[in-house]
Amino acid sequence: MSAATGASPALDESAERIVVAPVQRSRRDLRLDFFRGLALWFIFIDHVPDNAASWITVRNYGFSDATEIFVFISGYAAVVAYSRVLLQKGWPIAAAQVLRRVWQLYVAHIMLFVAFTAQIAWVALRTDRGAFIEQMNLIGLVQEPTRVIVETALLRFRPVNLDILPLYIVILATFAFALPAVRRAPWLACAGSALVYLLARRFEWNLPAYPDDKTWYFDPFMWQLAFYFGAACAADGRVGERLRPYTRVLTPTAVAYVVLAGIIALSWQFNPLARLVPDWVGRLIYPIDKTTFDPLRFAHFLALAYLAQLVVSADARFLHWPIVAPLRRCGEHSLLVFCLGTFLSFSAQVWIEAVGGSLPAQLAASVVGIALLTAAAYVAAWYKKGQGAGTSAAT
C-alpha cells in the first residue's frame, strides 16, 4: 500500500498529461502515512474492550471511526502505487501486481488467523477461561473444526477483530480490473461504485459467512464506496483545488455536521446530552449501521476528510517533526502493524482483566501496545533498507 518508487523511462508527454499527471508526485505524501498510522493506532486501541484510552480515538466523537480512514487511504494509496505500472507496462502487468498484493494479504490473513486462534486457545487453557472461546467467536472451531478450516480459507469464518483484512482483500481484487477506468475517468468510476452501493442497500446484498445464517460484518458491496472514493481523489489529484471556490459554504457545513454528530455520539454515553437530542432525530437517523456503511457514517467521514485537508497541507511542517515519525513509520508498514495490533489487542484485554481492569492498567496496556507496534515498524523499515542495499549491491 505504499507509493511506487523508482526512475521511469521517457514517456510520451501527451499520454502522461492525460493518464498519470494527477497522481505523479515529486516526493512521498507524508499525510498518507501519518493518517494511516493514526488509524492503525486507533484500531488497536478500539479493539481492546472497555479501554478508557479509546476516548482519544475518533470513535466516540462522531458516526465514523478509524475504519473509514483506513479504507479510504487504502484506495488512495492503491492508485498512487499502481498508476505508473499501468502506464509503463500496461494493464495486464499492473493487474498482476495488484493480484499479487491480494495474495500477500490473503496469506497474511491466514497466518494471523492461525496465530490469533492459537493465542486465544492457549489463554483459555492456561486460565481455565473457556468463555474466551465464545467471546472471540471461536465456538465454531470447537464444534466443527474441519468445516471451519474450509470456511476460514474461503474468508467466511472470522474471529472477532479479523474482519478488516478480508474486506480489503475482496475490494483490492476488484481494483485489479477497475484500475484503468479509475485512472481515465475517476469520477465516472466512483459513480459506478456509488451505484453498486445504492443497489446493495436497496437489495441488501452481502457475502455469506459462517455459520450459514451470518453475513460479513463489513459488507464489501457497500464499503467499497470508501475505497473507490479514495481512489478517485488520488486519480483526480486536484480535489482540494476544485473545492476551494466553495470553501465559504463547505467549511461551516462540515463543521456544523461534525459538531452535531459529536453531540449525538456523546449522548450515547452521557445522559445530560441525551436530553438535548429530540426523539424525532433518533427515529430519523437510527440505526447508524456499521455493517452497511450507513450514509451518515460516510457523510461524517467526508466532513472530517474535508476539514483535515484544509488544516493539514501536503507540506505541513509538523509532518516532519520527530515526534510524529512513529506514526508515519507505522503508516508505511500498515500490514505488519495491523496484524500485530490485532494480536496485541487480545493480549492487552487478557492482561487488563488479570490485573483488575483499573484505569492505569488500561492506559499502560495501550501505551505498551503502541510502543511495540512502533518498534515493529522501525524494525521492518531497518530490514527493508538493508534488503534494498543488498539488492543494489548485488545488481
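Residues numbered from 1 in each chain as written. Predicted model: local features only at pLDDT ≥ 70, side-chain atom pairs only at ≥ 80, totals over all residues. Heavy atoms only, no water.

### With respect to the overall build of the chain
The number of helices and strands found in the chain is 18 helices and 2 strands. On C-alpha atoms alone, the chain measures out to a radius of gyration of 22 Å, which is about the 21 Å that the 2.2 N^0.38 rule sets for 395 residues. Principal-axis analysis of the C-alpha atoms gives the chain an extent of 65 × 60 × 45 Å. A buried classification covers 47% of the 395 residues belonging to the chain. Taking contacts inside the chain between residues at least 6 apart in sequence as the whole, the part at least 24 apart equals 78%. Roughly 20,000 Å² of accessible area belongs to the chain as shown, and the carbon and sulfur atoms make up 65% of that amount. (Helix = DSSP H or I, 4+ residues; strand = E, 2+ residues; numbered from the N terminus. Rg over C-alpha atoms; globule rule 2.2 N^0.38 Å. Buried < 20%, exposed > 50% of the residue type's maximum accessible area, 1.4 Å probe, protein only. Contact = heavy atoms within 4.5 Å. Areas by Shrake-Rupley, 256 points an atom, 1.4 Å probe, with all protein chains shown as cover.)

### Some points on the packing of helix H12 (residues 247-267) against helix H15 (residues 295-311)
Following both chains from N to C, one finds H12 and H15 inclined at 125°, their axes separated by 9 Å at the closest point. Classified by the angle their axes make, H12 and H15 are oblique. The two elements H12 and H15 meet at a crossing, and its hand is left-handed. Listed contacts from H15 to Thr 247, Leu 250, Thr 251, Ala 254, Val 255, Tyr 257, Val 258 and Ala 261 of H12 are Leu 296, Ala 299, His 300, Ala 303, Leu 304, Tyr 306, Leu 307 and Leu 310. Taken together, the residues of the contact of H12 with H15 break down into 13 nonpolar, 3 polar and no charged. (Axes fitted to C-alpha atoms, helices over the stretch in contact; angles between N-to-C directions. Parallel < 35°, antiparallel > 145°, perpendicular 65-115°, else oblique. Left-handed = near helix turned anticlockwise from the far one by under 90°. Nonpolar A, V, L, I, M, F, W, Y, C, P; charged D, E, K, R; others polar.)

### A short note on unusual backbone geometry
The step from Tyr 210 to Pro 211 runs through a cis peptide bond, and the omega angle for that step is -5°. Take Pro 211: it is sitting in the loop between strand E1 (208-209) and strand E2 (214-215). For the bond from Tyr 286 to Pro 287, the omega torsion is 0°, close enough to zero to count as cis. Within the secondary structure, Pro 287 sits in the loop between helix H14 (279-285) and H15. For Asn 137, which is not glycine, the phi torsion reads 65° and is therefore positive. By the element assignment, Asn 137 lies in the loop between helix H5 (131-135) and helix H6 (139-143). Under the relative-accessibility criterion, Asn 137 is labelled partly exposed at 33%.

That is the geometry; function is a separate question.
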